[in-house]
Amino acid sequence: MVDWGLLVLVLIAIAIGFALGRRSTRVPEDSDAPALEPHYIQGLNYLLNEQPDEAIDTFIDALDVNTETLETHLALGNLLRKRGEVGRAIKIHQNLLARPGLGGEQSRQVQLELSRDFIKSGLLDRAEMLLKELVETTVHPMRTQCLEYLIEIYRDEKEWQTGIDMINKLPSRRFSRLPDEWRLVQSHFYCELAEESLRRSDYLTARRHLKAASLADKQSARASILLADLEYRLGQYKEAVKALKQVFYQDPALLPEALPLLITCYQATGRLPQLRAYLNELLEQGASTPVVMALAELMAKDEGVVPAAKFLGVSVAKSPSLKAAEQMLSLQLAGYQNPPEGMALADTVIRRLQKASPQYRCHNCGFAGQHMHWLCPSCKTWSNVKPVE
């Protein structure tokens, strides 16, 4: 297996040797200076003996800081940060900033790398101070990088409004207010603010934030679900249903998140036949297992458990699902006064498997869990965690 860290060190060693070689060509022929620095030779020995930590320290000592070697120092710092040795990366970058020979642009480049070190080590306050200063003194593309890092910091610190302010400072794309990725992030930030307002029962502010979320991302299923929750709290059941019906067109994978409240709102208005008709309509348009399960539950109340179990069995045969199989067995067992022992055992096994299985999974990194996360805890991307059918 390739040791990529060691390979990068080899490349850095070559770069350092090249830099030292260029410096030695400027030495007069009658000079007694050696062709290669002793530190460099020693560093190569460490590298060949698979002592990368000692090699890094030696290469740092061997290389002066100037316009020709700055990138090599930065590469060493990046390598250390990626290896998790953030303290040493910080030391390299702080030492670079202390050197008097750096120009303004080079100094800002080192400051950006230092801010990345601080973020990696969790020193978000120090990173924020550096980045805010850089935002005021740099131009695109470095200014954009700084803003993006600040947005990440405010996301992690849950400072949603400040994060929105930073997003609004990003350079716009022609014919579009913001690139799609940042419109998505902005929409989620507004949804976070709306959730905070809902917890305080501040419905007016929540509605304002949800309107902004929908303007930022018209396909925001999260905004529709939250708006439905708001309307439900206010007793506006038909308006809640209207909002929930948008979810199927915005993100069908999130239907399981919308269905419980949708059913509750139809029940509150005494319109269960209309609910059943709507679910059948969704089924015809390609809706999947959660809709089938909801229909089976309504069918069991209206027609009995046997027809409902048969209906669900056809769906399970076409599209196997542990959740649907569990519901099907439960319906079948409900039709027996003394259910067969094997069927009861199968129901117990499936329930245990279902309880142990993840209910949600990130489509980007594969993170799995039992609870819904709009922001994946693993890869830190929005809208990629979906219910597992």
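Residues numbered from 1 in each chain as written. Predicted model: local features only at pLDDT ≥ 70, side-chain atom pairs only at ≥ 80, totals over all residues. Heavy atoms only, no water.

A. Expanded view of the overall build of the chain. The helix and strand tally for the chain stands at 20 helices and three strands. Within the chain, the fraction of its 389 residues that count as buried is 43%. Intrachain contacts of the chain at a sequence separation of at least 6 include 49% that bridge at least 24 residues. In the form shown here, the chain has an accessible surface area of approximately 21000 Å², with 53% of it arising from carbon and sulfur atoms. (Helix = DSSP H or I, 4+ residues; strand = E, 2+ residues; numbered from the N terminus. Buried < 20%, exposed > 50% of the residue type's maximum accessible area, 1.4 Å probe, protein only. Contact = heavy atoms within 4.5 Å. Areas by Shrake-Rupley, 256 points an atom, 1.4 Å probe, with all protein chains shown as cover.)

B. The nonpolar core, seen in detail. Ile-151, Phe-189, Leu-262, Leu-279 and Val-291 are the most contacted members of the largest nonpolar core, which has 74 residues in total. Setting aside anything within four residues of it in sequence, one finds Leu-262 in contact with Val-241, Leu-244, Leu-275 and Tyr-278. Formed by twelve residues, the second largest nonpolar core is a distinct cluster that contains Met-299, Ala-308, Ala-309 and Val-316. (Core = buried A, V, L, I, M, F, W, Y, C linked by side-chain atoms within 4.5 Å.)

C. The packing of aromatic side chains, seen in detail. Taken as a whole, this structure holds five aromatic pairs when the rule is applied. Ring geometry for Tyr-232 against Tyr-237: centres 5.6 Å apart, planes inclined by 50°, an arrangement best described as tilted. Through successive ring pairs, a cluster of aromatic residues spans Trp-160, Phe-189 and Trp-382. (Phe/Tyr/Trp six-rings, centres within 6.5 Å; stacked < 30°, edge-to-face > 60°.)

D. Region of interest: unusual backbone geometry. A cis geometry characterises the amide bond from His-140 onward to Pro-141, with omega recorded as 5°. Locating Pro-141 in the fold gives a position in the loop between helix H7 (124-137) and helix H8 (142-156). The phi dihedral of Lys-158 falls on the positive side, at around 60°, and the residue is not glycine. Mapped onto the elements of the fold, Lys-158 is located in the loop between H8 and helix H9 (160-168). For Lys-380, which is not a glycine, the phi torsion comes out positive at approximately 60°. Within the secondary structure, Lys-380 sits in the loop between strand E2 (368-369) and strand E3 (385-387).

E. Quick look at the confidence of the model for the chain. With 80% of its residues at a pLDDT of 70 or more, the chain has an overall mean of 83. Counted against residues more than four places away or in other chains, residues 29-36, with its pLDDT under 50, gives three contacts. (pLDDT = per-residue confidence, 0-100.)

F. Geometry of helix H5 (residues 86-98). Over its 13 residues, H5 runs 18 Å from end to end, which matches the ideal 18 Å to within 8%, given 1.5 Å per residue. Of the residues making up H5, those classed as buried are Val-86, Ala-89, Ile-90, Ile-92, His-93 and Leu-96. Along H5, the residues classed as buried sweep out an arc of 160° about the axis, all on the same side. Residues of H5 that are exposed and angled more than 90 degrees away from the buried face: Gly-87, Lys-91 and Ala-98. (Expected span 1.5 Å × (residues − 1). Arc of directions from axis to C-beta.)

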